[in-house]
Amino acid sequence: MITFNVEKIKSLKCRECGREYPPSKIYMCENCFGPLEVTYDLDSIEINKKSYENRAKTVWRYHELLPVNDEKKIVDIGAGFTILHKCKRLAESLGLKNVYVKDDTVNPTNSFKDRPATVAVSKALEFGFKAVGCASTGNLAASTAAHSAKAGLPCYVFIPANIEVNKILQAASYGAKIIAVKGNYDEANRLATQALDEYNWGLVNINIRPYYVEGSKTLAFETCEQLGWEAPENVIIPMGSGALLCAVWRGLRQFLHLDLIDELKTRVFGAQPFGCSPIVHAFKSDSDDITPIDEFDTIAKSLAIGDPGDGIYALKVMKESNGGAECATDKEILDGISLLAKKEGIFAEPAGGVTIAVLKKLIESGEISRDEEVVCYVTGSGFKSSETIQQIVQKPVEIEPFIEDLKRIINGV
Ligand SMILES: *Cc1c(COP(=O)(O)O)cnc(C)c1O
Ligand SMILES: [Zn+2]
């Protein structure tokens, strides 16, 4: 049974100036307007590998490192503990020894966003918010909507009007109020932020963001646990805002601090679509700043963020870990989706195609060598983006229900 230590959060710490605040509803530094992050008193956490033997197979197995104090407030629809596939056929086709795919398409709402959403909606309940919501490129809308349904809270999601129809359908099915903004993600996000002046909502990736991002660390925890309590040699992570990439790194560092892994030599690689790649662009031009872009076009809609909030921190992680950054064109993304589906039976949305396409490019350029181990994060399901994926699948041949017609097709006449 879970027993929580209510004192586990030490502070909210400014990622820019380092000022610390008691854990509360604030999400921005009063001194420098920098973003805040949760710190823990790691030395007081008593945990070892054995502690995990009989725990729930959800993100909440790592509750000591998640920022919710009141276990009664946990909103759990089963996010996390997804399969880490050893991908033999994919590895062979790319000339590699050791490739794994962390398949987050199998989360309750079919994307990794269920990890941060379960933490954020639980925290919103703990804080007593009467409504929740988010700004989303698509997947977070469904995740927040599903968790708010379970929590019994109204939900308001701000999305760019042009995202995939299935993502909107999914969020609407859970009963969320969909606010489709005529504009891109950055504009939807800005409007959602302004809404906070008018409404006392818990917007999971805005005013609950310091807590929200903590949920994504569980991808790192699970990967280590599934590799036999070892950190992976290389990870490839798709980036929109860059928050997921930073969270994975924080998770690995926390596991090292707690001696749950012995060493940390992981190289962290960030992947973006060519049509919207401000972080990759900054990395390649050796800049410490990100130049936001206003106009962008990519089939990887979940990654289409022109002004990435965690971009500069993602750059630091990629440098500090001796990793790298690469992007993939729409054509390469579609090939990546197809390769993963046909070699491993995993059906990914374009963000997952970005990861696989970037894996291929990093191998071909020699950035990652063929005998190294690579873990690829596949973060959303192909069902999310059916209209895009239609482009690469053959239409079924229709026949009359007669054996002669069947034979004609099978023999290819
Ligand atoms: C949100 C998202 C990401 C990455 O998002 P960050 O903003 O970088 O944290 C990756 N893949 C999918 C499918 C997503 O929905
Ligand atoms: Zn500050």
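Here, every reference points to the structure presented above.
Definitions and cut-offs
- Residues numbered from 1 in each chain as written.
- Chains lettered and ligands numbered in written order.
- Predicted model: local features only at pLDDT ≥ 70, side-chain atom pairs only at ≥ 80, totals over all residues.
- Heavy atoms only, no water.
- Pairing = 2+ DSSP bridges.
- Helix = DSSP H or I, 4+ residues; strand = E, 2+ residues; numbered from the N terminus.
- Contact = heavy atoms within 4.5 Å.
- Axes fitted to C-alpha atoms, helices over the stretch in contact; angles between N-to-C directions.
- Salt bridge = Lys/Arg side-chain N within 4 Å of Asp/Glu carboxyl O.
- Buried < 20%, exposed > 50% of the residue type's maximum accessible area, 1.4 Å probe, protein only.
- Core = buried A, V, L, I, M, F, W, Y, C linked by side-chain atoms within 4.5 Å.
- Near = heavy atom within 4 Å.
- Polar contact = N/O pair within 3.5 Å; in protein donor to acceptor, adjacent residues only side chain to side chain.
- Areas by Shrake-Rupley, 256 points an atom, 1.4 Å probe, with all protein chains shown as cover.
- Nonpolar A, V, L, I, M, F, W, Y, C, P; charged D, E, K, R; others polar.
- Donors = N, O, S within 2.8 Å, 3.2 Å for Na, K, Ca; no water.
- Tetrahedral: all angles 85-135°; square planar, octahedral: opposite > 155°, others 65-115°.

1. Here's the deal with the sheet that holds strand β6 (residues 132–135)
Step number 1: Within the open sheet, the 4 strands sit side by side as β8-β7-β6-β9. Their pairing is parallel. Taken across any chain shown, the strands that pair with only one partner, and hence form the sheet edges, are β8 (177–181) and β9 (202–203).
Step number 2: Here 4 bridges tie β6 to strand β7 (residues 155–160), and the two strands are oriented parallel to one another. Among the inter-strand pairings, Cys134 is bridged to a residue of β7, identified as Val157.
Step number 3: Running over the sheet, helix α3 (residues 139–151) touches β6 and β7 and is turned about 175 degrees from β6.

2. A short note on the pattern of salt bridges
Step number 1: In this structure the tally under the stated criterion is 27 salt bridges.
Step number 2: With a shortest N-O distance of 3.8 Å, Arg250 and Glu37 are connected by a salt bridge. In this pair, Arg250 is assigned in helix α8 (residues 243–257) and Glu37 in strand β3 (residues 36–40), connecting sequence segments 213 residues apart.
Step number 3: On the basis of relative accessibility, which here comes to 23%, the residue Glu37 falls in the partly exposed class.
Step number 4: Arg253 is the salt-bridge partner of Glu320, the closest N and O atoms lying 2.8 Å from each other. Taken together, the residues span a long stretch of sequence, with Glu320 in helix α10 (residues 311–320) and Arg253 in helix α8 at a distance of 67 residues.
Step number 5: Salt bridges sharing common partners tie together Arg15, Glu37, Arg209, Glu214, Lys217, Arg250 and Asp310.

3. Remarks on the nonpolar core
Step number 1: Ile237, Leu245, Val248, Leu252, Phe255 and Met318 are the most contacted members of the largest nonpolar core, which totals 77 residues.
Step number 2: Take this core: its biggest share by element is 8 residues, from α8.
Step number 3: Among residues more than four places away in sequence, those in contact with Ile237 are Leu244, Leu245, Val248, Val268, Phe269, Gly270, Ala271 and Tyr377.

4. Overview of the site of ligand 1
Step number 1: Residues in contact with ligand 1 amount to 16 residues; listed here are only the nearest, Lys113, Asn139, Gly240, Ser241 and Thr379.
Step number 2: Gly240 places a main-chain nitrogen or oxygen 2.8 Å from an oxygen atom of ligand 1.
Step number 3: In this structure, Ser241 approaches ligand 1 through a side-chain N or O atom, which is 2.6 Å from an oxygen atom.
Step number 4: Alone, ligand 1 offers 380 Å² of accessible surface; in the complex the protein occludes 96% of this.
Step number 5: Here the residues of the shell around ligand 1 sort into 7 nonpolar, 7 polar and 2 charged.

5. Thoughts on the coordination of the zinc ion (ligand 2)
Step number 1: Within the protein, Cys14 (SG), Cys17 (SG), Cys29 (SG) and Cys32 (SG) serve as the donor atoms for the zinc ion (ligand 2), at 2.3 to 2.4 Å.
Step number 2: Here the zinc ion (ligand 2) binds 4 donor atoms, and the angle range of 99 to 119 degrees at the metal identifies the geometry as tetrahedral.
Step number 3: All donors to the zinc ion (ligand 2) come from one chain, and their sequence spacing reads C-x2-C-x11-C-x2-C.
Step number 4: On the basis of relative accessible area, Cys29 is assigned to the buried category, the value being 1%.

All quantities given are derived from atomic positions and should not be read as evidence of function.
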